[in-house]
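Take a look at the letters that make up each chain.
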Amino acid sequence: CSNNARNIGIAGGAILGLIIGNSVGDGKSGARATGALLGGLVGGFIGADMDRKRCELSRVAKQYDLDMTFSAINANGEVVSTTAPSKTSDGAGTDKTVIGSTVTVRDKEGAVGHFESGSDQLTPKAREYFAAIAAQYSTKNMLEGQTDPKRREEIRKQIAQRRIFLIGHTDDTGASDLNAALAERRANAVASFLRQQGIAESALYFQGAGETLPVADNRTEAGRNANRRVEIVEVTD
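Only a predicted model underlies this, so the values are computations on that prediction, with no experimental measurement involved.

A look at unusual backbone geometry
For step 1, the next point in the chain: For D65, which is not a glycine, the phi torsion comes out positive at approximately 55°.
For step 2, the next point in the chain: By the secondary structure assignment, D65 is in the loop between α2 (29-64) and β1 (66-74).
For step 3, the next point in the chain: For D65, a relative accessible area of 43% corresponds to the partly exposed category.

Okay, here's the thing in structure tokens:
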């Protein structure tokens, strides 16, 4: 429950705001300062909300015995750690401006899973923990503690621009086309459930990746279990 993403967001947002302010204001110092301040506030909000989500979702994972990983997405579109500098393949630093996050949710090995085998209906337990997960993306939680009306309105604008992308993954057991169709239906099922929990339909997108993006060896049961997962990708616009 650290503030790493918030601090990165403030710094990255301030730099971006400074650049925009300098461009719009023809290099005037007042415009640069205003741009840096607004950029820092927006970046700080995005980062602080990521820190809050990571903290609360870790509690959800512990409560429901889930395997859950949480990462940041930088301005280059790369998934990176929020606790360490990001490097490209050639060792150069990347743009660390935080623009979103990705959460991967799996059941622990041996558990029933989000769905019964071959089904696109969430299990009763999955409905419980996806409801707890959805609460962390709610407008109410994102506005909690914000008492300044102008600040609240700015955050509301940021929330209105965000997009949440649900991606369903399977192992490679069975036919590839059936896995792709099943993954799509499962991603849609999670998106529909999040809508029921109050997430705006206009913010939700879904896609089934099927077996095409494995993260582990499908030749082992542990690997297949790791590959059966749902990703929740959130970006700021």
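So, the nonpolar core
For step 1, the next point in the chain: Within the largest apolar cluster, 39 residues are counted, with the highest numbers of intra-cluster contacts made by F130, I133 and L166.
For step 2, the next point in the chain: Take this core: its biggest share by element is seven residues, from α2.
For step 3, the next point in the chain: Excluding residues within four positions of it along the chain, F130 makes contact with H114, L122, V190, F193, L194 and V230.

Details of the sheet that holds strand β5 (residues 204-210)
For step 1, the next point in the chain: The six strands are arranged β2-β1-β3-β6-β4-β5 in an open sheet whose pairing can be described as mixed. Two strands close off the open sheet at either side, each with one partner strand: β2 (79-80) and β5.

Section: empty space enclosed by the protein
For step 1, the next point in the chain: A full pass over the atoms with the stated rule returns three cavities of 30 Å³ or more.
For step 2, the next point in the chain: Empty space within the largest cavity amounts to approximately 130 Å³.
For step 3, the next point in the chain: Around the largest cavity, the lining is made up of 13 residues, and of these I46, D49, M142, E234 and T236 lie nearest the centre.
For step 4, the next point in the chain: Among the elements of the structure, α2, β3 (98-107) and α5 (149-161) are those that each provide at least two residues to the lining of the largest cavity.
For step 5, the next point in the chain: When the residues that make up the lining of the largest cavity are grouped by side-chain class, the tally is six nonpolar, four polar and three charged.

A short note on the pattern of salt bridges
For step 1, the next point in the chain: By the definition in use, this model includes 12 salt bridges.
For step 2, the next point in the chain: Among the ionic contacts, a cluster of salt bridges with common partners joins D49, R52, K53, R162 and E234.

Concerning the confidence of the model for the chain
For step 1, the next point in the chain: On average, the chain scores 80 in pLDDT, and the residues at 70 or more come to 74%.
For step 2, the next point in the chain: Between residues 5-14, whose pLDDT stays under 50, and residues either more than four places distant or in other chains, the model counts 27 contacts.
For step 3, the next point in the chain: Note on residues 84-91: pLDDT under 50 across the span, and 14 contacts to partners over four residues away in sequence or across chains.

Overview of helix α6 (residues 176-196)
For step 1, the next point in the chain: For α6, with 21 residues, the first-to-last C-alpha span of 30 Å sits near the 30 Å given by 1.5 Å per residue.
For step 2, the next point in the chain: Listed in full, the buried residues belonging to α6 are N179, L182, A183, R186, A187, A189, V190, A191, F193 and L194.
For step 3, the next point in the chain: In this structure, the buried residues of α6 make contact with α3 (124-135), β4 (163-169), β5 and β6 (229-235).
For step 4, the next point in the chain: In the segment just after α6, G198 is the residue with positive phi, at about 105°.

With respect to the packing of α3 against α6
For step 1, the next point in the chain: Where α3 meets α6, the axes come as close as 10 Å, and the angle between the chain directions of the two elements is 60°. As the angle between them shows, α3 and α6 are arranged oblique. Judged by the twist between their axes, the crossing of α3 over α6 is right-handed. Contact residues: R127, F130, A131 and A134 in α3; V190, F193, L194 and Q196 in α6.

Considerations on α3
For step 1, the next point in the chain: Its 12 residues give α3 an end-to-end C-alpha distance of 17 Å, which sits within 8% of 16 Å, the value for a rise of 1.5 Å per residue.
For step 2, the next point in the chain: Those residues of α3 not exposed but buried are A126, Y129, F130, A132, I133 and A134.

Re the pairing of β1
For step 1, the next point in the chain: In terms of residue burial, β1 counts as a mostly covered element, since seven of its nine residues are buried.
For step 2, the next point in the chain: Direction of pairing for β1 relative to β3: antiparallel, over a ladder of nine bridges. Each bridged residue has a counterpart across the sheet, and for D67 the counterpart in β3 is R106.
For step 3, the next point in the chain: In the sheet, β1 pairs with β2 via two bridges, with the strands oriented antiparallel. Following the sheet pairing, I73 is matched in β2 by V79.
For step 4, the next point in the chain: The antiparallel pairing of β1 with β2 creates a hairpin that spans four residues between the two strands, and G77 there sits at a positive phi of about 80°.

Cut-offs and rules
- Residues numbered from 1 in each chain as written.
- Predicted model: local features only at pLDDT ≥ 70, side-chain atom pairs only at ≥ 80, totals over all residues.
- Heavy atoms only, no water.
- Helix = DSSP H or I, 4+ residues; strand = E, 2+ residues; numbered from the N terminus.
- Buried < 20%, exposed > 50% of the residue type's maximum accessible area, 1.4 Å probe, protein only.
- Core = buried A, V, L, I, M, F, W, Y, C linked by side-chain atoms within 4.5 Å.
- Contact = heavy atoms within 4.5 Å.
- Pairing = 2+ DSSP bridges.
- 1 Å grid on protein atoms, 1.4 Å probe; cavity = no way out; pocket = protein on both sides within 12 Å on 5 of 7 lines; lining within 4 Å.
- Points joined across faces, edges and corners; volume = space filled by probe spheres on them.
- Nonpolar A, V, L, I, M, F, W, Y, C, P; charged D, E, K, R; others polar.
- Salt bridge = Lys/Arg side-chain N within 4 Å of Asp/Glu carboxyl O.
- pLDDT = per-residue confidence, 0-100.
- Expected span 1.5 Å × (residues − 1).
- Axes fitted to C-alpha atoms, helices over the stretch in contact; angles between N-to-C directions.
- Parallel < 35°, antiparallel > 145°, perpendicular 65-115°, else oblique.
- Left-handed = near helix turned anticlockwise from the far one by under 90°.

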